Amino acid sequence: MRREHWRGIIEAYRHLLPIDPQTPVITLFEGNTPLVASRTVGSRIKRDVWFKVEGANPTGSFKDRGMTVAVSRAMQASSRGVICASTGNTAASASAYAARAGLPCVVIVPAGGVAAGKLVQTLAHGATVVAVDGTFDQAGALTRKAAVQFDLTSVNSINPDRIHGQQTVAWEICDTMGEAPDLVALPVGNAGNITALWQGFQAYHGRDVIHRLPRLIGMQAAGAAPLVEGRVIPEPRTLASAIRIGNPASWQKAVDAAKASGGVFHAVDDSEILEAQRLLAEEEGVFAEPASAAGLAGVMRLWAMNRLPPGETVVVVLTGHGLKDADAWSARLPLPARVPPTSEAVAAAIEQAGHSERGR
Ligand SMILES: Cc1ncc(COP(=O)(O)O)c(C=O)c1O
C-alpha cells in the first residue's frame, strides 16, 4: 500500500500561508519534526517536558520552515537571487533552498563567527559567502544595503514570509498535543523565531484551534543578552555562535510577544548551555547545537529558582542539530582509545571504560 507522505509545510498549512495556486513551491519537505517526550529531565524537575526537535529539518535547523515560504515567494516575484546575513543556520538554509530553486544566493557572515559545519553546508550549496571583519549586526546592516544595490531578495527574518513559515512550528506543536502547552522555551538571537511562534499561537487561538495561549520564555546567552539587559550589546560574546547577536532585528516584536504571553527573557551562562547540551545528548538521545540547548538551560534555571509552576506542560524548542557545531563538543571530549587490533586490547579498553565482561 502506498502511504501518503509528508510534503512540507506549505502543502500542510497552505490555507494559513501567503501562498496562492500560482506560487511555485520550493520545498525540501521541511517540518513535521519530532515532538519527543523527555526521558529524564521531565521526571527530574517533575514537569511534563517535551522537545521539539527542529534539527530534524532538511538542513538541520528550524530556519527551513521560513525559508521554503521566502524562497517560493521570491521565485514567484521573479527575484534575481536571495541574500542574507547569518550566524550560520540561515545561510545553510537559504543556500539549500536557493540551490533547489536554481537561484543565486549571497551570504554575509561575521568572519570567524560561524560554526564550521554551517559554513561547509553553505559553500557546498554553491552560495557566494562574504566574511566581514565585524559582528553579525554589522553583517546585517551591510546585507540590507547590498540587497538594494544588487536587487536581491533579503531572506533574513525581517522578511515577513520567513515569519509566516516559521509559525508552523507553533501549529505543529498544537496539532500534535491537541492544545497549546503552558510554556514554550526557546533560544533568542535576532528574535524572528519568538515573533513567529507568538504569531502562530495567536493565529490558532483566533481560529479556535486552541483555547489558551502559552507563555513564551526567550533564552539568551549571558554575554549576548540585549533583550534581558534592555540595551544593545556592541560586542556580544558566547560560545553559542548562532545567538551571538547584540541588536536583534525584531527587538520590539519579541518584547511584545514575551510580554503579551506573560513570559520573560532570561540569560543563561555558557556553562549552563553546555550542561544542557550534555543532558540532551547523554540522557535524552537528542544532539542539539549549543544555541539550541539554551532553551533547556533556561528551563533548568527557572526550575532551580522556583519559578516553574508545578503541573505545567513545557515544550522546549531545540532549534538546530548538534553536528553543525562539532567543535563545541570536540574540545570537551576525550579522543577514543587507540589500541592494537587484538581482542585482548579491545576488551581491556572496554573494561577500562567501566564495563564488565559477561559472568564477572
Ligand atoms: C540554532 C539557532 N537557535 C536559535 C536561533 C535564534 O533564532 P532567532 O534569530 O530567530 O531569534 C538561531 C538563529 O540563527 C539559531 O541558528
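Calculation rules
- Residues numbered from 1 in each chain as written.
- Predicted model: local features only at pLDDT ≥ 70, side-chain atom pairs only at ≥ 80, totals over all residues.
- Helix = DSSP H or I, 4+ residues; strand = E, 2+ residues; numbered from the N terminus.
- Rg over C-alpha atoms; globule rule 2.2 N^0.38 Å.
- Buried ≥ 20, exposed ≤ 12 C-beta atoms within 10 Å, placed from the backbone.
- Contact = placed C-beta atoms within 7 Å.
- Pairing = 2+ DSSP bridges.
- Axes fitted to C-alpha atoms, helices over the stretch in contact; angles between N-to-C directions.
- Domains from an automatic or database assignment.
- Nonpolar A, V, L, I, M, F, W, Y, C, P; charged D, E, K, R; others polar.
- Near = placed C-beta within 6 Å.
- Core = buried A, V, L, I, M, F, W, Y, C linked by C-beta atoms within 7 Å.
- Right-handed = clockwise from strand over helix to strand, strands pointing away.

A. Representation of the overall build of the protein within the structure. Along its length, the protein carries 15 helices and ten strands. Here the C-alpha atoms of the protein give a radius of gyration of 21 Å, agreeing with the 21 Å that 2.2 N^0.38 yields for 360 residues. A total of 360 residues make up the protein; the buried ones form 52% of that total. A separation threshold of at least 6 residues defines the contact pool for the protein, and within that pool the share at least 24 residues apart is 72%.

B. Representation of the sheet that holds strand E10 (residues 313–318) within the structure. A sheet is described by the order of its strands in space; here six strands give the open sequence E1-E2-E10-E7-E8-E9, paired in mixed fashion. Where the open sheet ends on each side, the last strands, each with one partner, are strand E1 (35–37) and strand E9 (264–268). Across the sheet, the mean angle separating the axes of adjacent strands is 25° when strand polarity is ignored. Where strand E7 (residues 183–187) lies against strand E8 (residues 215–221), five bridges are found, and the strand directions are parallel. Bridge pairing links Ala185 to Ile217 in E8. In the packing of helix H11 (residues 251–261) onto the sheet, the strands contacted are E8 and E9, and the crossing angle to E8 comes to about 135°.

C. Inspection of the domain arrangement of the protein at higher detail. According to the domain assignment, the protein consists of domain 1 (9–61 + 162–330) and domain 2 (63–159). Inter-centroid distance (C-alpha atoms) of domain 1 to domain 2 is 21 Å. Each partner contributes residues to the interface: domain 1 has 44 residues there, and domain 2 has 38 residues. Where the side of domain 1 that touches domain 2 is concerned, the elements lending two or more residues are helix H1 (9–13), helix H7 (160–166) and helix H8 (168–177). Ranked by residue count, the leading element in the side of domain 1 that touches domain 2 is H7, at five residues. Tallied by class, residues from the side of domain 1 that touches domain 2 come to 18 nonpolar, 19 polar and seven charged.

D. Representation of the site of the ligand within the structure. What surrounds the ligand is a group of 19 residues, the closest being Gly189, Asn190, Ala242, Thr319 and Gly320. Taken together, the elements giving at least two residues each to the shell around the ligand come down to helix H4 (89–101), helix H9 (192–206) and helix H13 (290–304). Split by domain, the residues of the shell around the ligand number at least three in each of domain 1 (9–61 + 162–330) and domain 2 (63–159).

E. Quick look at the nonpolar core. Judged by nonpolar contacts, the single largest core of 99 residues is most densely connected at Val71, Val82, Ala94, Ile194, Leu197, Ala294 and Val316. The biggest single contributor to this core is H13, with eight residues. Mapped onto the domain boundaries, this core takes at least three residues apiece from domain 1 (9–61 + 162–330) and domain 2 (63–159). With sequence-adjacent residues up to four places away left out, Ala294 is seen in contact with Pro187, Met219, Ala221, Ala240, Ile243, Val268 and Ile273.

F. Fine view of the pairing of E7. By the criterion of burial, E7 is predominantly enclosed, with five of the five residues buried. A two-sided burial pattern is seen for E7, the buried positions comprising Leu183, Ala185 and Pro187 on one face and Val184 and Leu186 on the other. On the question of chirality, the crossover connecting E7 to the parallel E8 by way of H9 is right-handed. Two strands pair when backbone bridges link them, and E7 and E10 are joined in this way by three bridges, in the parallel orientation. Residue pairing for E10: Ala185 is matched across the bridge by Val316.

G. The environment of Tyr97, seen in detail. Positionally, Tyr97 belongs in helix H4. Tyr97 sits in the buried class, given 31 other C-beta atoms within 10 Å. Measuring from C-alpha to C-alpha, the distance between Tyr97 and His125 comes to 8.9 Å, with 28 residues separating the pair along the chain. In this view, Tyr97 contacts Ile26, Met67, Thr68 and Val71; residues no more than four positions away in its chain are not counted.

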